[in-house]
Structures are given as C-alpha cells and as structure tokens.
Amino acid sequence: LHGKLTRALRQLDNETIIDEKVLNDCLNEITRALLQSDVQFSLVRDLQINIKRTVNLGQLAHGYHKRNIIRRAVEEELCKILDSGKTSYVPKKGNASVVLFVGLQGSGKTTTCTKYAQFYRKKGFKPALVCADTFRAGAYDQLKQNAMKANVPIYGSHTESDPVQIAVEGVDSFRKKTHDLIIVDTSGRHKQEEVLFEEMRQISVATNPDLVIFVMDSSIGQATYDQALAFKQSVAVGAVIITKMDGHAKGGGALSAVAATKSPVIFIGTGEHMDDFKEFDVKPFVLRLLGMGDISGFTNKVHELVAVNQQHDFMQRLSDGNFTLRNMYQLFQSMHEMGLINEVSSMLAGLAAPKGHEKESQLKFKRFMIMMDSMTNEELDSSNPKLMNKSRILRIARGSGHRVEEMEEMMEKYKLMATIPKRRDMSAVSQNRNSQRM
Ligand code: GDP
Ligand code: MG
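Residues numbered from 1 in each chain as written. Chains lettered and ligands numbered in written order. Predicted model: local features only at pLDDT ≥ 70, side-chain atom pairs only at ≥ 80, totals over all residues.

Right, let's get into the sheet that holds strand β8 (residues 277-279). Pairing in this open sheet of 8 strands is mixed, and the strands run β3-β2-β4-β1-β5-β6-β7-β8 from one edge to the other. Only two strands of the sheet have a single neighbouring strand rather than two, namely β3 (154-155) and β8. Running at roughly 160° to strand β5 (residues 211-217), helix α9 (residues 224-234) makes contact with β1 (97-102), β5 and β6 (237-243) of the sheet. (Pairing = 2+ DSSP bridges. Helix = DSSP H or I, 4+ residues; strand = E, 2+ residues; numbered from the N terminus. Contact = placed C-beta atoms within 7 Å. Axes fitted to C-alpha atoms, helices over the stretch in contact; angles between N-to-C directions.)

Written as structure tokens, this is what we have:
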C-alpha cells in the first residue's frame, strides 16, 4: 500500500509540474507574440502575472484544452484592456460637432480625417474639413485633394500662417453654413516638441472641440505610450485611431495608447485609400496581436499548396466566407503531402507547435483529418459552423475515437479560418496573385 501511495503522490507531483510547465511554456509563447506585436513591455509583464494568478491549474489538469484555456484567459485580459467600456463622444446629426485631429507628422492625420469625414458623410452628416496645418508646405493642397475625393468642403489658406486663426475662422464659417461635423486637421512635427504641444493647446482652447482624436501609426511600436501621454497632457484626447494596419505592424501600441489616453480606439486605417477605414472591433484585433490569423502569409501559402486549377475557387470560398470543412480537409491534405504542416500551422497560430513539439502538431493534423473522415457529406460541404451542434460533435468524436474536446478544438480552428478571410486584405492578396499570373 505504501508503495502505491508514494507512486500516486509522485505521479500527482509530476502532473503539477507538467501543468506548471505547460502554463509557463504557453505564457512564454504568448508573451513573445505580444512583444513582437509591440505591446508595451510592462503591460505584457502585468498580464503574465495576472494570468498566472487567475488560471486555475486544477482546471488545466484535463489536458488537451490547457493551451486553449490559457490562450482564452489572455485573450479576455487583452480585450478588457482595449474595451474598458468607456465610450467616446459620438457626433450627432444636426448638432455642430467640432472634432480635432492630433498626432505626430506622418501618423496619418490628414488621410484619416478625410476618411472620417467620408464615413460620416455616408451616414447622412454634413461634414467639413479645416486645414490648420500651416507648418508643412503643401499641407493645404494635400487635404484639398483628399477632400475632393471624399466630396467634402474644405477651409484653408495658402498665405495665412497662424494655425489658430485659420482653425477658428474655419470652424466659424462652417458653423454658419450649418455643417454638423467640423473636422480640424492639425500639423505635426517629426518629434514630440514643446512648440507642437503649445500649438495644439492653443487650437484646442480656441475651437473648443467636442472630441480630440489622437492618430497613431501602428508601426511606431514601443514609443506609443510616451507619445500618446504627451498629447493627452496637452489636449483632452478622447479617442484613438490607429493607422497603417495594412502593414506589418500588429498594432500592439494601441494598448499603450488606450492606457495613456484613457480613451477607446474608434477606427483603424487599413490603407491609403478613402475606403480603407474600419470601425474598431476588439476581438479580431486581439487575435491579430496574439499572432493568430495572419491571413496574408496564410493565403500566400495557399497559393503554393492548392493546385493551380483549384486556386480561384479556393480563394473565392475563403473570401466569401464559404470555406467548408471539406476545403479545410483538402488544405490539410496538401500541407501534409508536401510536408509543410509546421510552416503553415505557424501562420494559423493556435495550431502551431512550440519548438521541439512539431511531431505533436503533425499528429494533431492527422487526428483532425481522421475526425473529418467521420463526417457526413452534408457536414463537410456546409459553410455554416452552426450546423455542427453538440450532438453532431459528440457523434463524430465517438465515431472517430476522439475526445469531444479534440472535436471542439478542430471546430475552433475551422471557425478561425472561415471567418478571418472576410477581411478585405484577403481579396487584395487574391487579386494581386491573379494579376501576377496573367
Ligand atoms: P499626417 O502627417 O499625420 O497628416 O499624415 P498623412 O495623412 O499625410 O499620412 C502620411 C502617409 O501615410 C501618407 O503617405 C499616407 O498615404 C499614409 N497613410 C495614412 N494612413 C494610412 C494607412 O492606413 N495605411 C497606409 N498604408 N498608409 C497610410
Ligand atoms: Mg497632415
């Protein structure tokens, strides 16, 4: 009996060690992803401590789902930081709202304020733009050009050099013309300089804006916090817009900007064109921060993997959201045949195995495929994830000799793949590819 007991205890010991180890490995992996996404170091560290405190190791003992539980806890924490429940001022039709755009030079203010104007024009507002950037030569012409594209009137001057005066005159004149959304574009400097902040303070006092929007370039990374804080200390920043999300940056600076300004992110800029502008959505943003769903790399890989004559249909399905489980099966099969499981799976994160565990990842794909072998044609060919209800999941798991958790995990991957491509950069990649081939 004694021998049995010590053996059991030792086993328990081992279990705990394994769970701690899994937790640490997983947290380290996530930490790396977040730092690579430019999330502020101190935030990442706090997050790691919080998660360690809140994740219930006992819960993790059930094995398979450990990584998912941890990942989800991190996801929730990040969502909480980004979506604190604070809302920003929202322009109302008929009321003359004044919105002031601030940010460093090159952050995307001039482009973004025009996108913002167009967004509201399409909603039935009567927006107008004021160019209070007298610092940069050509600023007025640039805004004028943008404004023309967006079909929005503009106030500015080639000769007047006092930004405060232009701002006040512009706002007054558009008020008289009953515009209900008056947007003031300001200048920036390459660096954070006292003269810039003083100028912002004066414009803000003179125009008394309903909302000040801080525009940040997603690629500035770890510098975001200080920059955002400096603006917040000069003017009453009430919202954040992140630009250039179409680039390589994952936008982790957004967390810093939110923390520094205590304001929500309201939009993201995803390109140079007027329509490359989206309302901010926390969940997909967080998934991207965690390195999940980096779809452009994924789609490139798809092009290598899927037979040329099937590519069009495949990409179409991905971008239409008609991505079926059968499509996923075919993709896994090609990946498997070409020995590219690890390469592709790392792009879909979540699926990626940590270094040294590549075999596990390969096995997982095999198991996914075995589970899919137990599905009916209806299940394989439906692009509606809701079809896979609890009883179907249970049936397939049993029928293929797997655990329900494994089926659920696979369905989660499927949903991830089926929904992310709805982003428009997906179709852009697809178009590029097609035109290159022609
Ligand atoms: P400002 O100095 O803050 O007014 O910045 P601008 O609006 O002049 O933008 C600086 C550069 O960034 C321009 O070349 C813009 O076309 C570009 N830009 C702005 N927003 C985006 C974006 O969301 N994506 C990309 N790719 N480029 C952007
Ligand atoms: Mg500008």
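Let us now look at the site of ligand 1. In the vicinity of ligand 1 there are 18 residues, among which Gly108, Lys109, Thr110, Thr111 and Gly269 approach most closely. A per-element tally of the shell around ligand 1 places helix α5 (residues 109-122) first, with 3 residues. Class assignment for the residues of the shell around ligand 1 results in no nonpolar, 13 polar and 5 charged. (Near = placed C-beta within 6 Å. Nonpolar A, V, L, I, M, F, W, Y, C, P; charged D, E, K, R; others polar.)

What follows concerns the environment of serine 219. On the secondary structure map, serine 219 appears in the loop between β5 and α9. If we ignore the near neighbours within four places in the chain, the residues touching serine 219 are Lys244, Gly247 and Ala249.

For the rest of this paragraph, the subject is the environment of aspartate 162. Mapping aspartate 162 onto the fold places it in the loop between β3 and α7 (163-176). Aspartate 162 gets classed as partly exposed once you count the C-beta atoms within 10 Å, which come to 14. (Buried ≥ 20, exposed ≤ 12 C-beta atoms within 10 Å, placed from the backbone.)

Further remarks concern the pairing of strand β7 (residues 265-269). Extensive coverage of β7 is indicated by the burial of 4 of its 5 residues. Judged from the 3 bridges that link them, β6 and β7 form a sheet pairing that is parallel. The residue bridging isoleucine 241 from the neighbouring strand is phenylalanine 267, located in β7. Crossover connection from β6 via helix α10 (residues 253-261) to parallel β7: handedness right-handed. Judged from the 3 bridges that link them, β7 and β8 form a sheet pairing that is antiparallel. Residue pairing across strands places glycine 269 opposite phenylalanine 277, the latter belonging to β8. (Right-handed = clockwise from strand over helix to strand, strands pointing away.)

This part is about α5. Side chains three or four residues apart in an α-helix point the same way, a direct result of the helix having 3.6 residues per turn. When the terminal C-alpha atoms of α5 are compared, their 20 Å separation across 14 residues agrees well with the 20 Å that a helix rising 1.5 Å per residue should span. Of all 14 residues in α5, 10 are buried; the element is thus mostly enclosed. Of the residues one or two after α5, glycine 124 is the one with positive phi, at around 100°. (Expected span 1.5 Å × (residues − 1).)

Attention now moves to the packing of α9 against α10. Taken N-terminus to C-terminus, the directions of α9 and α10 make an angle of 30°; their axes are 8 Å apart at the nearest point. With respect to their mutual orientation, α9 and α10 come out roughly parallel. In the crossing of α9 with α10, the sense of the turn from one axis to the other is right-handed. Residue-level contacts link Thr224, Tyr225, Ala228, Leu229 and Lys232 of α9 to Gly253, Ser256, Ala257, Ala259, Ala260 and Thr261 of α10. (Parallel < 35°, antiparallel > 145°, perpendicular 65-115°, else oblique. Left-handed = near helix turned anticlockwise from the far one by under 90°.)

Positive phi, normally seen in glycine, also occurs at asparagine 208, with a value near 45°. Turning to its location among the elements, asparagine 208 is positioned in the loop between α8 (194-207) and β5. Backbone geometry places lysine 244, a non-glycine residue, at a positive phi of 60°.

All right, on to the pairing of β6 then. Residues in a regular strand point their side chains to alternate faces of the sheet. In terms of residue burial, β6 counts as a mostly covered element, since 7 of its 7 residues are buried. Note: β5 against β6, 6 bridges, orientation parallel. Across the sheet, methionine 216 pairs through a bridge with isoleucine 242, a residue of β6. The parallel pair β5 and β6 is bridged by α9, and the resulting crossover is right-handed.

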